[in-house]
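Single-letter residue listing:
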Amino acid sequence: MKPSKLSPAELQVAAENIVNVRRAQGLTQVQLAAKAKVSVPSVFRAEKAQSVRLSTLRKIANDGLNIHHDTLLVPKKITVRSEIVVHRASNETWYAIADSRVNLPEDHQSRYQERNERTRLGQLGFVPGFMAPPTAIMKDGPGMALLELHSELLHSFNAEFYKDAVIYVLRGKAKLKIGTEEVEIGEGDWVGYPAADLNELLPAVEPGSPSYPALVLWIGANRITKKRSAKG
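### Some words on a nonpolar patch on the surface
Working step 1: Taken together, Tyr 168, Leu 170 and Trp 190 make up a surface patch of nonpolar side chains, about 310 Å² in accessible area.
Working step 2: On the secondary structure map, Trp 190 appears in strand S9 (residues 190-194).

### Describing the sheet that holds strand S6 (residues 162-171)
Working step 1: The strand order across the open sheet formed by 6 strands is S2-S3-S5-S11-S6-S9, and the pairing between neighbours is antiparallel. With one partner strand each, in any of the chains shown, strand S2 (95-96) and S9 form the two edges of the open sheet.
Working step 2: The sheet contact formed by S6 and strand S11 (residues 214-223) spans 8 bridges and is antiparallel. Across the sheet, residue Ala 165 finds its bridge partner in S11, namely Gly 220.

### Concerning helix H6 (residues 115-123)
Working step 1: For H6, the set of buried residues is Glu 117, Arg 118, Thr 119, Leu 121 and Gly 122.
Working step 2: Along its buried surface, H6 packs onto helix H5 (108-111), strand S3 (129-132) and strand S5 (143-149).

### Thoughts on the sheet that holds strand S8 (residues 181-186)
Working step 1: The strand order across the open sheet formed by 3 strands is S8-S7-S10, and the pairing between neighbours is antiparallel. In this open sheet, the two edge strands, each paired with only one partner strand, are S8 and strand S10 (198-203). Within this sheet the neighbouring strands show an average axis-to-axis angle of 15°, counted without direction.
Working step 2: Where strand S7 (residues 173-178) meets S10, 5 bridges bridge the pair, whose relative direction is antiparallel. Counterpart to Lys 177 in the pairing with S10 is Glu 200.

### Quick look at the packing of helix H1 (residues 8-24) against helix H4 (residues 54-65)
Working step 1: As a packed pair, H1 and H4 sit with axes 12 Å apart at the nearest point and diverge in direction by 20°. As judged from the angle between their axes, H1 and H4 are roughly parallel. Crossing of H1 against H4: the hand is left-handed. Residues Ile 18, Val 21 and Arg 22 of H1 form the contact with H4, whose own contacting residues are Leu 57, Ile 60 and Leu 65.
Working step 2: Grouping the constituent residues of the contact of H1 with H4 by class yields 5 nonpolar, no polar and 1 charged.

Each value, and the rule that gives it
- Residues numbered from 1 in each chain as written.
- Predicted model: local features only at pLDDT ≥ 70, side-chain atom pairs only at ≥ 80, totals over all residues.
- Heavy atoms only, no water.
- Patch = residues over 30% accessible without salt bridge, like charges linked within 9 Å, V, L, I, M, F, W, Y side chains within 5 Å.
- Areas by Shrake-Rupley, 256 points an atom, 1.4 Å probe, with all protein chains shown as cover.
- Salt bridge = Lys/Arg side-chain N within 4 Å of Asp/Glu carboxyl O.
- Helix = DSSP H or I, 4+ residues; strand = E, 2+ residues; numbered from the N terminus.
- Pairing = 2+ DSSP bridges.
- Buried < 20%, exposed > 50% of the residue type's maximum accessible area, 1.4 Å probe, protein only.
- Contact = heavy atoms within 4.5 Å.
- Axes fitted to C-alpha atoms, helices over the stretch in contact; angles between N-to-C directions.
- Parallel < 35°, antiparallel > 145°, perpendicular 65-115°, else oblique.
- Left-handed = near helix turned anticlockwise from the far one by under 90°.
- Nonpolar A, V, L, I, M, F, W, Y, C, P; charged D, E, K, R; others polar.

Just distances and angles here, no functional claims.
Dropping the structure here:
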């Protein structure tokens, strides 16, 4: 989710997704507020597409609904099911992982959907990578996301939601630093690791190469559905 203020259209998309996922999980607004540790009026405002802090939306998504906060902005209605789940490539929406530009153009989100624009921003060093979160989510199942790697990502991706993870290379090559071990994998290769141990993820292909940017599929397993208490 980008750090600037959401537009009315984005607030409306987030509102519809919050309502849909909350109901699919059998939660009331009061229960969702308790899980997310926000006020009930905050949940009400979020579901009515009224102005709400981005930090509040993140808590509602990450802590309350156990989904990545960027998923709230997927313009297609999110499907949450316990059995068969189908995700269509035509429904994918790409989001920047930290766009460092000071002034974002008003149509930046629509521009992200063009591969040439994503490549341009990556080569200029404005965006290290892009993510396409799923529009279909299994209630207690694995998590999946496409990652387009332009430069170095320094964080344990989605470790707050999943205990273990797999990265599978679809295009190009990728380098990972897992704990103190460094691994390089190419197309068709994959590596499994404890999600919290990922320290570094970056492409191993040069800009201008036909396989740039690197494209990988992230898969999360052993979903973390409950926050540990202070007492452990």
